[in-house]
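# Understanding the architecture of this molecule
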Amino acid sequence: MLKFLNRDRLSYAVFFIAIAIIGLSVENYYYVQLLTFIGINTILALGLNMLMGYAGQISLGHAAFYGLGAYTTAVLTVHYGFSPWLALPCAILLSMLVAFLVGLPTLKLSGYYLGMGTLGFGMIVHIVFREWSSMTGGSSGFIGIPPLEIGPVSFSQIRNFFYLVWLTVLISFIVSKRLIHSRIGRALRAIHDSENAARAMGINTRNMKLEIFVFSAGLSALAGFFYAHLVSFISPGTFSFIVSIKIVTMVVIGGMASVWGSLLGASLLTMLPEWLHAFSEFEMVVYGLILMLVMVLLPQGLTRGLLDIYERTRSKKDQP
Amino acid sequence: MNEPDRKKTSHKPLLTLNSIAKAFGGVQALWNISFDLKEGMVQALIGPNGAGKTTLFNLITGIFTPDSGEILFDGRPIGGKKVYDLVQVGIARTFQNVELFGSMTALENVMVGQHVRTRCGFWSAVTRTPWMVKEETASRKKALKIMAFVGIDHLANRRSSELSFGWQRLLEIARALSSSPRLLLLDEPAAGLNTVETRQLGTLLKKIQAQGITLLLVEHDMGLIMDISNRIVVLDQGEKIAEGTPREVQSNEAVMSAYLGRSEH
């Protein structure tokens, strides 16, 4: 256990140094911005991975919580003059409250039915964003969301925003890892493996699923908050069904039940479209092909797959 | 052979079934089942296929609710309680088809068994308060102790899905013991085990009984049942047709015709 904890701490330290080095060395505005988006998507993917990868409950409506976070902070800061830092807890709490209310009935479902339930929820929220024009600006979007600042530090400076997002990613990783390696995490994984046996071990599966669903929604809202203040413009399209699917893809491609997998999945899915501009009209074809190839070759996702390859080559080397 | 029922009078009933009935649609699965299970005993539940053993098991573990009659655990009614509440009260079980948490290590499986005896929640998991760390260490230590008791501590860090079937059975028993039960229900613990493994299982079950834990098992392996049970309840077509010590049951006419006779010609 102790050894394991130390390994975790070491990886956090490496991660922290990597953030600092990248932040200091990357000059190009476009790249810093891209990396910041990767950070936001990592928080999103991590949130869903806690629910899907660890507890085994699928959600096809997670973009709704992402959107709730973004729209709540937009409405509160622009219409009601809240400071963004006051809007942040409001956005997260509202998202968690909605998750709680939606989770009560839907988490009784499982498998395909849970997928359908969350899918429907995501669509409803999307329609609300689009149709409640007086509040949300309707389909033309919401403009003029103020940038973040703390005292003299302004996060309209993309580099500062980069640090802010990635430090949040680091903290989210630590929080998630701690959850996973605890009684709660074991209970979640138990539900994933066999809900029947989990109940027979005295785990209140319904409450446990509800709690992780709410936690997951909170992380998504946090990502939404960052997105809104980074881009300063949001529209319903950013939080549509396709985005929910994209978050699921990040989790699956990166690796289910892996915190670092969320980072890999979010990185790949955020960068791929940028790299593939060269293919112009074939962009989506190549994009789809790459995702298919990853799934065929590394069905456990990037993290597990790459680790397996590493272990295989090492054990080959060990043999004389 | 052991001396069954020697200490019978000094024990109070831990589990009492009072005229339990359960029907599924038009099928009467169980009818008027009553028996006591005395604390510290090993009691077996036998009967031909379709006799209602599994249904009875599921009633005691809270998966089904009886249509009529009552189930008392330590004098208190438990009919209709949720499965996970019953673990808290002190009833643990194993499954006929071994239901382990496959992606977790053997040790983690056993630690999940302590879920109801530990209390770390979301917040304390994240903040890692000193008591949480202490609880975690204690929980790990206890799990390893139980694994040593069952004889599988050398497998602690192996993934449970990688273990052989025999080890998995033992791991499941360790996981159930980990919840500090007063009553342990075993659903066909010897199914799929070879003769040597079955004999070892018998020894283990006696060791568990010696710890003061009451055992109720559904089993088909007559050798094992005769070896370890203090009492046997025989079901046939949803009704109790006999109850008594292994010797009494063996010589019971109704049992012969319903069960032993049928399987021995």
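Moving on, we get to helix H6 (residues 165–177) of chain B. Spanning 13 residues, H6 of chain B covers 19 Å between terminal C-alpha atoms, matching the ideal 18 Å at 1.5 Å per step. A large share of H6 of chain B lies buried, amounting to eleven of its 13 residues. Those residues of H6 of chain B lying buried are Gly166, Gln168, Arg169, Leu170, Leu171, Glu172, Ile173, Ala174, Arg175, Ala176 and Leu177 of chain B. Turning to H6 of chain B, the residues buried within the fold contact helix H9 (195–200) of chain A together with strand S6 (91–93), helix H3 (106–112), helix H5 (130–150), strand S7 (183–187) and helix H7 (195–210) of chain B.

Once that is clear, we can look at the pairing of strand S8 (residues 214–218) of chain B. Residues and elements named next belong to chain B. With five of five residues buried, S8 lies mostly within the body of the structure. Pairing of strand S3 (residues 42–46) with S8 involves four bridges; the strand directions are parallel. In the strand pairing of S8, Leu45 is matched with Val218. Bridge count between S7 and S8: five bridges; the pairing is parallel. Across the sheet, Asp187 pairs through a bridge with Val218, a residue of S8. Each parallel crossover has a hand, and the one from S7 via H7 to S8 is right-handed.

This next bit is on the domain arrangement of chain B. All names here are of chain B. The assigned domain composition of chain B is domain 1 (7–90 + 181–265) and domain 2 (102–179). Taken together, the contact between domain 1 and domain 2 spans 19 residues of the former and twelve residues of the latter. Across the interface of domain 1 and domain 2, roughly 1300 Å² is buried in total on both sides, 68% from carbon and sulfur atoms. The largest contributions to the domain 1 side of the interface with domain 2 come from Gln88, Pro181 and Leu204, which together make up 33% of the buried area.

It is common to give the size of an interface as the accessible area that goes away when the parts come together. Taken together, the contact pairs 32 residues of chain B with 28 residues of chain A. Carbon and sulfur atoms supply 62% of the area buried between chain B and chain A, which totals about 2800 Å² over both sides. Considering only the side of chain B, the residues that lose the most area to chain A are His115, Phe122 and Arg128 of chain B, jointly responsible for 27% of the buried surface there. Summed over the shared surface of chain B and chain A, the result is two salt bridges. Between Glu136 of chain B and Arg186 of chain A there is a salt bridge, with the nearest N and O atoms lying 2.8 Å from each other. Those elements that place two or more of their residues in the side of chain B that touches chain A are helix H2 (83–89), H3, helix H4 (122–127) and H5 of chain B. Top element by residues in the side of chain B that touches chain A is H5 of chain B. It accounts for five residues. Residue classes in the side of chain B that touches chain A are distributed as 15 nonpolar, eight polar and nine charged.

Rules used in this analysis
- Residues numbered from 1 in each chain as written.
- Chains lettered and ligands numbered in written order.
- Predicted model: local features only at pLDDT ≥ 70, side-chain atom pairs only at ≥ 80, totals over all residues.
- Heavy atoms only, no water.
- Helix = DSSP H or I, 4+ residues; strand = E, 2+ residues; numbered from the N terminus.
- Expected span 1.5 Å × (residues − 1).
- Buried < 20%, exposed > 50% of the residue type's maximum accessible area, 1.4 Å probe, protein only.
- Contact = heavy atoms within 4.5 Å.
- Pairing = 2+ DSSP bridges.
- Right-handed = clockwise from strand over helix to strand, strands pointing away.
- Domains from an automatic or database assignment.
- Buried area = accessible area lost by both parts, 1.4 Å probe.
- Salt bridge = Lys/Arg side-chain N within 4 Å of Asp/Glu carboxyl O.
- Nonpolar A, V, L, I, M, F, W, Y, C, P; charged D, E, K, R; others polar.

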